[in-house]
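The primary structure of each chain is shown beneath.
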Amino acid sequence: MNFSKKQAEMLVKGCVNNERTAQEALYKLFHADMLRVCYNYLPDKELAKEAFNMGFLKVFQSIKDFDIKKGELGGWIRKIMIYTSIDICRSELKFNTIQLSEKDEVEFFISPSVLEKLFFEDVLKNIRTLPYATQTVFNLSVLDGFTHKEISEQLYISEGTSRWHLSEAKKQLRALLKTSAKTTDELTERSGKAK
């Protein structure tokens, strides 16, 4: 979001004073980005919309506590959306309790050449094929930078279970990305022969 601190301050002040125009402006300003955040955690569109609506309700209820001097408004709203989505995830998902110890944890490498061939939407589509629990841990860890300790606290799972889900996500994505890369290579090869 590119808007000044003064604009953010005016929006916050308007929302604190329950001014409908300020609330509407804040909602419209962050609508698309925050709905996307909810979709990252809740692939079911109805659940994502529920998280989005609950998140904005929390934003409006607690905006009086937001301190413009301590943080960025978009980041603060994003955090609320993530935590609201996690709350819904917790109630909807069943986590696999297999644990992976730190010594068993394997890092999977995905070649940059494979990633270059894929578009962002393709990567998101592959992430969405993961089981919900594994996808949630992957999103928290890779997309939002949560530690395994933070993930375990948010999802009420052990750190080992968090590690297992992340490892499993990387393994499954690696296989999906290899398959996608082969398909892309084959299509490129065929189109080259057709010319």
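It should be noted that the structure appears before, not after, this text.
Summary of the structure given here.

**Regarding unusual backbone geometry**
Okay, step 1: With phi around 60 degrees, N18 is a residue other than glycine that occupies positive phi space.
Okay, step 2: Inspection of the secondary structure assignment puts N18 in the loop between α1 (5-16) and α2 (20-41).
Okay, step 3: At Y156, a position not held by glycine, the phi torsion is positive, near 60 degrees.
Okay, step 4: Examined against the element boundaries, Y156 turns out to sit in the loop between α8 (148-155) and α9 (159-194).

**Some remarks on a negative patch on the surface**
Okay, step 1: A grouping of D44, E46, E50 and E92 is seen on the molecular surface, where their side chains present a negatively charged patch.
Okay, step 2: With respect to the element layout, D44 can be found in the loop between α2 and α3 (45-62).

**Digging into α8**
Okay, step 1: Burial in α8 covers these residues: H148, I151, S152, Q154 and L155. In an axial view of α8, the angular spread of the buried residues amounts to 165 degrees, which keeps them on one side of the axis.
Okay, step 2: Where α8 terminates, the next one or two residues include Y156, which has phi positive at roughly 60 degrees.

**As for the nonpolar core**
Okay, step 1: Judged by nonpolar contacts, the single largest core of 43 residues is most densely connected at L26, L73 and I77.
Okay, step 2: Those elements giving two or more residues to this core turn out to be α1, α2, α3, α4 (73-92), α7 (132-143), α8 and α9.
Okay, step 3: Among the elements that make up this core, the one with the highest residue count is α4 (nine residues).

**Digging into the packing of α3 against α4**
Okay, step 1: Two elements in contact, α3 and α4, have axes separated by 8 Å at closest approach and are oriented at 135 degrees. Compared by their axis directions, α3 and α4 come out oblique. The crossing of α3 and α4 is right-handed. In this structure, α3 contributes L47, E50, A51, F52, M54, G55, F56, K58, V59 and S62 to the contact, and α4 contributes W76, I77, I80, M81, T84, S85, D87, I88 and E92.

**Considering the packing of aromatic side chains**
Okay, step 1: Summed over all chains, the structure comprises six aromatic pairs.
Okay, step 2: For the ring pair Y83 and F146, a centre distance of 6.1 Å and an interplane angle of 70 degrees mean the geometry is edge-to-face. Here Y83, found in helix α4, pairs with F146, found in the loop between α7 and α8; they are 63 residues apart in sequence, far enough to count as distant.
Okay, step 3: The partly exposed category is assigned to Y83, whose relative accessible area is 29%.
Okay, step 4: Across from the ring centre of Y39, 6.0 Å away, lies the NZ or CZ of K45, which sits over that ring.

Rules behind the numbers
Residues numbered from 1 in each chain as written. Predicted model: local features only at pLDDT ≥ 70, side-chain atom pairs only at ≥ 80, totals over all residues. Heavy atoms only, no water. Helix = DSSP H or I, 4+ residues; strand = E, 2+ residues; numbered from the N terminus. Patch = residues over 30% accessible without salt bridge, like charges linked within 9 Å, V, L, I, M, F, W, Y side chains within 5 Å. Areas by Shrake-Rupley, 256 points an atom, 1.4 Å probe, with all protein chains shown as cover. Salt bridge = Lys/Arg side-chain N within 4 Å of Asp/Glu carboxyl O. Lys, Arg positive; Asp, Glu negative; His and termini not counted. Charge placed at Lys NZ, Arg CZ, Asp CG, Glu CD. Buried < 20%, exposed > 50% of the residue type's maximum accessible area, 1.4 Å probe, protein only. Arc of directions from axis to C-beta. Core = buried A, V, L, I, M, F, W, Y, C linked by side-chain atoms within 4.5 Å. Axes fitted to C-alpha atoms, helices over the stretch in contact; angles between N-to-C directions. Parallel < 35°, antiparallel > 145°, perpendicular 65-115°, else oblique. Left-handed = near helix turned anticlockwise from the far one by under 90°. Contact = heavy atoms within 4.5 Å. Phe/Tyr/Trp six-rings, centres within 6.5 Å; stacked < 30°, edge-to-face > 60°. Lys NZ or Arg CZ within 6 Å of the ring centre and 35° of its normal.

Don't take any of this as a statement about function, it's just geometry.
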